[in-house]
Number of protein chains: 2
Amino acid sequence: MKNKILLAIADGLGDRPVECLGGKTPLEYAKKPTLDDLAANGSSGIMDLYKLGTPVGTDLGHMLLFGYDYTEYPGRGPIEAFGEGLELEAGDVAFRVNFATVDSELVVVDRRAGRIRKDTDKLALSLNGMQIEDVKVIFKEATEHRAVLILRGPGLSQDISDTDPKVEAVKYKEAKATTPTPEAEKTVRILNQFLLNAHKMLLQHPVNKEREAAGEKPANFILTRGAGIMPNLRKTADDLKIRAACVAAESTVLGAARLAGITPITDPRFTGNIDTDIALKAKTAVDALKENDFVVLHFKATDLMGHDNDPQGKVNAVETFDKMLGFVMEGLSAIEENVIVALGADHSTPCERREHSGDPVPVVISGKNIRKDGITTYDEMAAARGGLNRINANMFFNYLMDYLEATKKVGN
Amino acid sequence: MKNKILLAIADGLGDRPVECLGGKTPLEYAKKPTLDDLAANGSSGIMDLYKLGTPVGTDLGHMLLFGYDYTEYPGRGPIEAFGEGLELEAGDVAFRVNFATVDSELVVVDRRAGRIRKDTDKLALSLNGMQIEDVKVIFKEATEHRAVLILRGPGLSQDISDTDPKVEAVKYKEAKATTPTPEAEKTVRILNQFLLNAHKMLLQHPVNKEREAAGEKPANFILTRGAGIMPNLRKTADDLKIRAACVAAESTVLGAARLAGITPITDPRFTGNIDTDIALKAKTAVDALKENDFVVLHFKATDLMGHDNDPQGKVNAVETFDKMLGFVMEGLSAIEENVIVALGADHSTPCERREHSGDPVPVVISGKNIRKDGITTYDEMAAARGGLNRINANMFFNYLMDYLEATKKVGN
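Position labels on residues start from 1 in each chain and follow its written sequence. Chains carry letters and ligands carry numbers; both start at the beginning, A for chains and 1 for ligands, and go up in the order they are written. Whole-chain, interface and lining totals are the exception, using all residues; otherwise, since this is a predicted model, local features are given only for residues with pLDDT of at least 70 and side-chain atom pairs are given and counted only at 80 or more.

## Observations regarding the packing of helix α10 (residues 278–288) of chain A against helix α12 (residues 311–333) of chain A
Residue and element names in this part refer to chain A. Note on definitions: angles span 0 to 180 degrees between N-to-C directions of axes, and those axes are lines fitted to C-alpha atoms, for helices only across the stretch in contact. Elements are defined by DSSP. Helices are runs of H or I of four residues or more, strands are runs of E of two residues or more, and each kind is numbered from the N terminus. Contact pair α10 / α12: the axes reach a minimum separation of 8 Å and the direction vectors enclose 40°. When the interaxial angle is binned, α10 and α12 end up oblique. At the point where α10 passes α12, the crossing takes the right-handed sense. Together, I278, A279, K281, A282, K283, A285 and V286 of α10 and T320, K323, M324, F327, V328, G331 and L332 of α12 make up the contact between the two elements. Residue polarity follows a fixed list, in which Ala, Val, Leu, Ile, Met, Phe, Trp, Tyr, Cys and Pro are nonpolar, Asp, Glu, Lys and Arg are charged, and the others, Gly among them, are polar. Its residues assigned to classes, the contact of α10 with α12 shows nine nonpolar, two polar and three charged. For classification purposes, angles smaller than 35 degrees are called roughly parallel, those larger than 145 roughly antiparallel, those between 65 and 115 roughly perpendicular, and all remaining angles oblique. The handedness criterion is simple: a crossing whose near helix is rotated anticlockwise from the far helix by less than a right angle is left-handed, and one whose near helix is rotated clockwise is right-handed. A pair of residues counts as a contact when their C-beta atoms, built from backbone coordinates, are within 7 Å of each other.

Written out as structure tokens, the structure is:
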């Protein structure tokens, strides 16, 4: 019987010793019987995503885990657009955007338009399809105050500054070219025109009239960031001829998956936080193994707790991740497939740093046909003594693909 | 006294846990006192040939172990030709070929001409030297039904399909260009003409008349595969100014050695299987150390047992390899030289996979002047805890060459 693979990713898992945890990392401190069992039944190692000491974002981290080279990174905009289900064409420029509130002087009063959650689809609809010169505007709402903007037309560039000032009580920033090319100048001209057109239309929009009548801040402006041009990107899963799926809540992860030809699977009960429905997530992943060779199961809360410098919260997140893997192992015991379970992370988010760091992350590959290295716990330092030694994300992915017999022999 | 090196290669050695061996790999399961002693007396590590997760063939695996970069791989044809002792010139196109039997419709009746073993030298002689346009044909018999074909002339290409249909009861395949270049078209034209000319000559050949009279299948056709063009390849051993030899049975390994400027040494008693004469092989290798700085001693049976999914057979093969190393150590104790003994493999061939895999292989470098890392057994997982950590084949070769003081200092 051919192998199948379930790869569970705990976002931002890696950490550093924390004083209030007795000098242990949250992963060393947590009770995690299932993760430890997985380590005991296979090979551990430490993994650099890109290179030791260079932090990566969640988007690039997942692209690397899905077999891309870091030179193929197209910027955050295209990945978010993919995560929202939009089809990008080569040459499209995509932006992550917020609905925001500005006053009559175009000073930003609220970068998130009172954290608007309702009717953004109607607002988006009024902007979608706008034509400026020979460029078509594609606009789609995302979660809460977020949305995706795509400019589609000839001769555009991603070399253009953010219009989001990142702080409030200042005027929005007009877009500027960051390289002096005709393409960047054209993109700047189109985008700045779009912002003013959109402002005019949003001011008149019934949804905003209602919001103002109810004493809520109107979503009357669009702030943009993360411009990225869509390259002619290969789909790694298609290249390898594998059937793959990714179970996640976060649009960044779902977007990186779709980019790679990995089918995104999500559900409103997957929250991207500690309250996510782990039983349902585990069941969804195990079910997905019927139709797929490679299933990714993503868990976000570990990263959030690192960003919040909440070591005890990160311990809880690890223990929740462990429980989710418990449900996975229970589910796997009831199916016929020979499933190799791998553990990984897209980067470290040390509590003390409150940001991603370039520390390596611990990985495990586990199953009856995986070499046993004698490591019996899953944590940063146990993994460093493991049988995989030190690898990078591309080697990790390539090694998993070899267990699917999807990599090609070189030579004869 | 300068160091000398004996590198013993167990082909396809690396494996995965096997249920019928109690979850051990064949190497972990086998009794192998000499290999364990060698590990205890030096440094161990795990080695990726090309990269983790990408399987390599025996030909490329040995080229990498002999110091080549994977980009220098010329295809199987030239390596086999070298293994048969032919001298290739840059631009020559070499093919692996079979003597076969076809009927009057050119349908393949037997891809191996009744496994012909006798008089193929006489058949080869009748084809060797044929001229087609400005291309000279070089043809030499190899073991059993196998032979080597070389086309020598201006403007040839390796981008040409196999004419061996791989199955019987169908017509041989006419060669086709796999890229639309004038060079490929020319090579196709010459090769197709050669096949018909050869058929005509073989039909009349006295050896075939005799075979038919004796009720045997005539070797009346040539089937080709693995076209490769000979690049202007450096000889790694010559570049390093070392005197090197390779003791082996298999023409692929002998060919990779000759490519590198490593003198091939073989004998009919070296069978490339479990019944190979290990005492003679060991003696031949030890004797070769008198005239050489670097001697490679190759052992094939471990790979065969992996391909056959025969875990107990692979255990026996490992134990035979161990005995061969026992003879080597006995031989070395009787000579004056200071010999470092290294253990390696050209790839893993896990029994469960029945094919080469991208799993790393265990390596050892052993001798009184090699750092002692405390590892006392030779197997996949002990090696992963060793002092060399994780290296690749080029690093391994380069490190050995440094013990011969053959690598050049960079900087001052």
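## Things to note about the interface of chain B and chain A
With 28 residues of chain B at the contact, the number on the chain A side is 20 residues. Secondary structure elements with two or more residues in the side of chain B that touches chain A: α3 (58–65), α13 (380–384) and β14 (389–392) of chain B. Broken down by class, the residue content of the side of chain B that touches chain A amounts to eleven nonpolar, ten polar and seven charged.

## Focus on the relation of the copies chain B and chain A
When chain B is fitted onto chain A, the two copies agree to an RMSD of 0.3 Å after a turn of 119° and an axial shift of 0.2 Å. In symmetry terms, the pair is related by a three-fold rotation axis. For the least-squares superposition of copies, only C-alpha atoms count, and only for residues with pLDDT at least 70 in both.

## Details of the domain arrangement of chain A
Residues and elements named next belong to chain A. The split into domains, and so the bounds of each, comes from an automatic or database assignment of domains. Partitioning chain A into domains gives domain 1 (3–74 + 234–403) and domain 2 (81–229). Relative placement of domain 1 and domain 2: their C-alpha centres are 33 Å apart. The interface is formed by seven residues belonging to domain 1 together with six residues belonging to domain 2.

## Re the sheet that holds strand β12 (residues 338–344) of chain A
Residues and elements named next belong to chain A. DSSP bridges decide pairing: two strands pair if at least two such bridges lie between them. Spatially, eight strands are ordered β10-β9-β11-β1-β12-β13-β2-β14 in an open sheet, and the strand pairing comes out mixed. Strand pairing shows two members of the sheet lacking a second neighbour, β10 (263–265) and β14 (389–392), which therefore form its edges. Neighbour to neighbour, the strand axes of the sheet diverge by 25° on average, direction disregarded. Note that β12 and strand β13 (residues 361–366) share three bridges and pair antiparallel. Its bridge partner lying in β13, V341 is registered against S366.

## Some remarks on the nonpolar core
For soluble globular proteins, nonpolar side chains are generally found buried alongside one another. All names here are of chain B. Put simply, a nonpolar core is a cluster of buried Ala, Val, Leu, Ile, Met, Phe, Trp, Tyr and Cys residues tied together by C-beta atoms within 7 Å. Three exposure classes are used. Buried residues have 20 or more other C-beta atoms within 10 Å of their own C-beta, exposed residues have 12 or fewer, and partly exposed residues fall in between, all C-beta atoms being placed from the backbone. Ranked by size, the top nonpolar core spans 133 residues in total, and within it L6, C246, V247 and V295 carry the most contacts. With eight residues, the single largest contributor to this core is helix α6 (residues 182–204). Discounting residues that sit within four places of it in the chain, V295 has contacts with L6, A245, V247, A285, A288 and L289.

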